[in-house]
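These are the residues of each chain, in order.
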Amino acid sequence: TTIDLPRVEYQNGIKREHRYFAQLAGAGLDAPAIELVKWEIKKIVGNNIDLNTLVTVGSTPSGYLRVITWNISPAEDRSVTRRFTVTGEAAKEISCARVGIDVLATAIRDGSGNLKLTLWEVAADGYYIRKRSEASAGAIGKASICRARQNMLATAVKDGSGDIKVICWKIE
């Protein structure tokens, strides 16, 4: 497979910025780094909401999206305690990105094979997760999401025809 998308460029106010495709996929900038990514583990690795709260995103054994908050004790032992769990719809190709202080975005291939982007509001203490909004796009194979800039996300997907596309999403 050939990927013919070295980077995405966008205007951030007066400054022109870019993100490399490998960064969109969360793998780093060099080919050996991409080859070493353990994709099954990457799918469940989440984002810190604050210093003591971690959010992981993955799937249940039956294939449904699962978002979990964890408390990491500030004590010396750094123990980890599960705080809150939300189970969503049937999902494959799960990816997540932190959007803001208390907002997490997930990009999934839903049960119909389409891209679905969901924003989740997450309490800083991890005691609740609430679906804030969602949006959909067409049929996809694989998907990855990243924060492109403030109030903007980018999803890198392989569409139903097998072509690589980057979709930018404005967060309001």
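Student: Sorry if this is basic, but what is going on with the overall build of the protein here?
Tutor: In terms of helices and strands, the protein carries 3 helices and 11 strands. Going residue by residue from the N terminus, the α and β elements of the protein occur as β-β-α-α-α-β-β-β-β-β-β-β-β-β. Expressed as a percentage of its 172 residues, the buried residues of the protein come to 39%. Residue pairs at least 24 apart in sequence account for 37% of intrachain contacts in the protein once pairs closer than 6 positions are excluded. Split by element, the accessible area of the protein, about 9700 Å² in all, is 52% carbon and sulfur.

Student: Where do I start with unusual backbone geometry in this structure?
Tutor: With the exception of glycine, the majority of residues adopt a negative phi angle, and the majority of peptide bonds are in the trans configuration. The backbone of Glu-93 shows a phi angle near 50 degrees, a positive value even though the residue is not glycine. Summarising the element assignment, Glu-93 is placed in strand E6 (residues 80–98). On the accessibility criterion, Glu-93 (17% relative accessible area) is buried. In this model, Asn-151 sits at a positive phi of 65 degrees, which is unusual for a non-glycine residue. Within the secondary structure layout, Asn-151 lies in the loop between strand E9 (129–149) and strand E10 (152–159).

Student: Before we go on, may I ask you to explain the pairing of E10 in this structure?
Tutor: Every regular strand shows the same layout, with side chains that alternate between the two sheet faces. Along E10, 7 of the 8 residues are buried, which leaves the element largely enclosed by surrounding structure. Where E9 meets E10, 7 bridges bridge the pair, whose relative direction is antiparallel. Opposite Arg-147, over in E10, you have Leu-153 as the bridge partner. Where E9 folds back on E10, the antiparallel hairpin that results is connected by 2 residues, among which Asn-151 adopts a positive phi of roughly 65 degrees. If you look at the hairpin formed by E10 and strand E11 (residues 164–170), you'll find 4 residues sitting between the two strands, and Gly-162 has a positive phi there, around 90 degrees.

Student: What should I look at first to understand the pattern of salt bridges in this one?
Tutor: Should the charged atoms of two oppositely charged side chains come close, the side chains can pair. Throughout the structure, instances matching the rule amount to 5 salt bridges. Among the ionic pairs, Glu-89 bridges to Lys-116, the shortest N-O distance being 3.1 Å. Placement of Glu-89 in strand E6 and of Lys-116 in strand E8 (residues 114–122) is noted, with a sequence separation of 27 residues between them. Overall, Lys-116 belongs to the buried group, its relative accessible area being 12%. Between Glu-121 and Arg-130 there is a salt bridge, and its shortest N-O distance comes to 2.3 Å. By relative accessible area, which is 42% here, Arg-130 ends up partly exposed.

Student: Help me understand the environment of Ile-145, please; the structure alone is not making it clear to me.
Tutor: With respect to the helices, strands and loops of the structure, Ile-145 is situated in strand E9. Given a relative accessible area of 5%, Ile-145 falls into the buried group. Ile-145 sits 38 residues away from Ala-107 along the chain, and the two C-alpha atoms are 6.2 Å apart.

Student: So what exactly am I meant to see when it comes to the side chain of Thr-56 here?
Tutor: Its location among the elements puts Thr-56 in strand E4 (residues 53–59). Within polar-contact distance, the side chain of Thr-56 engages the side chain of Trp-70 at 2.9 Å.

Student: Sorry if this is basic, but what is going on with the confidence of the model for the protein here?
Tutor: Predicted coordinates in areas of low pLDDT are best not read in detail. Taken as a whole, the protein shows an average pLDDT of 76; of its residues, 71% reach a score of 70 or greater. In this model residues 21–34 is a low-confidence stretch, pLDDT under 50, and it forms 30 contacts with partners more than four residues away in sequence or in other chains. Below pLDDT 50 for its whole length, residues 41–45 participates in 14 contacts with residues either more than four positions away or in separate chains.

Parameters at a glance
- Residues numbered from 1 in each chain as written.
- Predicted model: local features only at pLDDT ≥ 70, side-chain atom pairs only at ≥ 80, totals over all residues.
- Heavy atoms only, no water.
- Helix = DSSP H or I, 4+ residues; strand = E, 2+ residues; numbered from the N terminus.
- Buried < 20%, exposed > 50% of the residue type's maximum accessible area, 1.4 Å probe, protein only.
- Contact = heavy atoms within 4.5 Å.
- Areas by Shrake-Rupley, 256 points an atom, 1.4 Å probe, with all protein chains shown as cover.
- Pairing = 2+ DSSP bridges.
- Salt bridge = Lys/Arg side-chain N within 4 Å of Asp/Glu carboxyl O.
- Polar contact = N/O pair within 3.5 Å; in protein donor to acceptor, adjacent residues only side chain to side chain.
- pLDDT = per-residue confidence, 0-100.

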